[in-house]
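Analysis of the macromolecular model
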Amino acid sequence: MLLSACGGGGGGGTPPAASSSSIGAQLTANAGPDRTVNAGDRVELDPGVTLVGANGFSLGNGALEVTGTSTVSTDVVKIQWTKMEGASVALSTNDTTSGKAFFIAPDVGIEANVKIVYQLKITNAAGKTAEDTLTITVNRLNKKPVVDAGADISSNADLPLTLTGVASDEDGQVVKYQWKQISGPTVTINNASSAEANFVAPTTDVSVALIFELTVEDNDGAVAKDQITVSVAAGGAPRLAIHFPSAFGIYGKNTISAFGSASAVDGTLASVTVDAGTGPLNAVVDAVGNWRLENITVSAGDTFTVTVEALDSFGRKTSQSRTLNQTGFSVGSGDDWDETVGIGIDSALNKLYVLTSGFLLEDVTLLSVDLSNGNRSQPISSFDKTSQGLNDSALTTMAYDPIGKMVYAATAPAVGTPKIISIHPVNGTRRLVSDNTRGSGATIQYPTSLALGRNSDSLYVADVNASRLVEVTVANGNRSTVADASLQTVPVDAPATIAYLPGNSQSSGRLYWAPNLVGDNVVVDTLLSVTPSSSLLSNSFDFFQGTGIKNMLKGMVVDSARNSIYLVDGNDDLFTVDLTTGYRTRLAIFTGSTRIAFDDTKGLLYLVEDLNGGPVVYVVDPVTGNKIQLSNK
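Residues numbered from 1 in each chain as written. Predicted model: local features only at pLDDT ≥ 70, side-chain atom pairs only at ≥ 80, totals over all residues. Heavy atoms only, no water.

1. Thoughts on the overall build of the protein
The helix and strand tally for the protein stands at 0 helices and 51 strands. If you line up the protein on its principal axes, its C-alpha atoms span 100 × 65 × 45 Å. Nonlocal contacts in the protein, meaning residues at least 24 apart in sequence, comprise 57% of its contacts between residues at least 6 apart. Surface summary for the protein: the accessible area is close to 27,400 Å², and the carbon and sulfur share equals 49%. (Helix = DSSP H or I, 4+ residues; strand = E, 2+ residues; numbered from the N terminus. Contact = heavy atoms within 4.5 Å. Areas by Shrake-Rupley, 256 points an atom, 1.4 Å probe, with all protein chains shown as cover.)

2. A closer look at the sheet that holds strand β49 (residues 604-611)
Strand pairing in a sheet relies on backbone hydrogen bonds. The paired strands run either parallel or antiparallel. Strand order in the open sheet formed by 4 strands is β48-β49-β50-β51, and the pairing between neighbours is antiparallel. At either end of the open sheet lies a strand with only one pairing partner, and these are β48 (593-599) and β51 (627-631). Strand-to-strand twist in this sheet, taken as the mean axis angle between neighbours without regard to direction, amounts to 30°. Bridge count for strand β50 (residues 614-620) against β51 is 4 bridges, and the pairing is antiparallel. Counterpart to V617 in the pairing with β51 is S631. (Pairing = 2+ DSSP bridges. Axes fitted to C-alpha atoms, helices over the stretch in contact; angles between N-to-C directions.)

3. Quick notes on the side chain of N521
By the element assignment, N521 lies in the loop between β41 (509-515) and β42 (522-528). The class of N521 is buried, set by a relative accessible area of 0%. One polar contact links the side chain of N521 to the main-chain carbonyl oxygen of N551, over a distance of 2.8 Å. Sequence-distant contacts of N521, defined by excluding residues within four places in its chain, comprise A514, P515, S538, N539, S540, I549, N551, M552 and L553. (Buried < 20%, exposed > 50% of the residue type's maximum accessible area, 1.4 Å probe, protein only. Polar contact = N/O pair within 3.5 Å; in protein donor to acceptor, adjacent residues only side chain to side chain.)

4. A word on unusual backbone geometry
For the bond from F244 to P245, the omega torsion is 5°, close enough to zero to count as cis. Even without a glycine there, the phi angle at N61 is positive, about 55°. Summarising the element assignment, N61 is placed in the loop between β5 (56-60) and β6 (63-67). Using a relative accessible area of 69% as the deciding quantity, one classes N61 as exposed. Not every positive phi belongs to a glycine, and N350 is a case in point at roughly 60°. Exposure remark for N350: the relative accessible area of 13% places this residue in the buried category.

Structure, rendered in structure tokens:
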């Protein structure tokens, strides 16, 4: 049996040195010698006496008390451990009678050490007491930095390439970067001692792989390493990229779609073929090299491989393969989370950022999913760590800026003013962007959705309670209403979800929004200008516009290349909506609460579905709705 309880922090001042005193004959308390430990060590508290007639026990607030009874005046009938000062610890015990306890030395953050002082007090049957104090000095145990060398790269020969590493150190700072080549034809690495290095892909007549390793070091001398593989096709061979299917995952259907891009280095592109184990088929290739093939029959078995080959007019070929599992339950390593607030995609880093929530403050975090293997990271930002900044935990939504590398989130506390905050996706620091103490303009009443502005310097906010759409300037927190209930034609009414399509200038563009409705819902198109206007884009009451969307939407994103909106409705169904006709098509059905993000670089949808067994991450073809399971515990 293990019993535990947490204790709050104590007061300041210099901790008293260990000393003992006795009151009454032959009654002495000895808490043991002062000691020094490292963060994470187990610290034992031993009273060194035996309790007689145990009949009472309490544990709480970092304190332990056991009591007994005896008619012999010299017998010990009470043992008490009380934390007098220092960091909060979770005091635990394996029994309720010995007075022995233990705790795990806490993380000291960036401090070199902290001191924790405990008092031992014993009482005998005659009512006499004795006390002693014990000082535990907890030294900081340096944590290794975290490094990511980036997603693997595919390239043709003789092209300039960039290696971009990202590193962070939770309890210090990264002070050294060093790139080196591990294998493959030797190349010259420029700026090898910086986070971003570059080189020129070698000239080669055959396809080759180059492996590079990034080593980083923190200010305490701890190092971490990560590798990246650069695949270089033979000189002159066509360039080829596969966007879908993914390089791994679980896919259980009998047919699959595939799409990507290809181009000839010289000459012309002759063909792109796709083979999922049942024979090669010609993909449809458009004028700029985007290729696609649907309803590809996959081979039977536990796994299948999709191989794509690009052929140019000189007969040179480039091929790539993707192998998927047809059976299985989990993908990737790492812990899962309770609830998904929102997600954001960084195509360059090949990462999906996930903002999480739950019953406890420690459940409110920002983490990432590695899209090259499905691994789930430890929390980047934990809202129970005040050292990382603001800890407003009533999160409602998030948006990610892939250019400025920043996560933005909105809070709507039961008491207090809503906030727009930023969360750094490397070091996890949280900063205030806008509320009634930063920036001017009308106070946001209840933010339910965020959309990144044109140049990453502003955010659009759906303020459902105030029935307005608000633009927030990131630099100063200023808030301006861009559309509200006074708008002609279609007034803004309880907007719950928004998506932004940039225009030719910062003050132009379109905001698509859906109200907080129960039952059939609509999508409204608001044109941003000096005089904004709105029109009804898609109305679920209009059966000629396709299958109806239901209830308050869970998320909405814009695909300008395909002239579409993708949305998840209140029933967790995934839809596409044509931006010209408003026609709605259901792409996929999910059963758990689902959040959505769009990679406009590769034209991919990512969704996270919260299920009773834990969240599941999918990548989805936005044309066919084919979905591949990428990560779940």
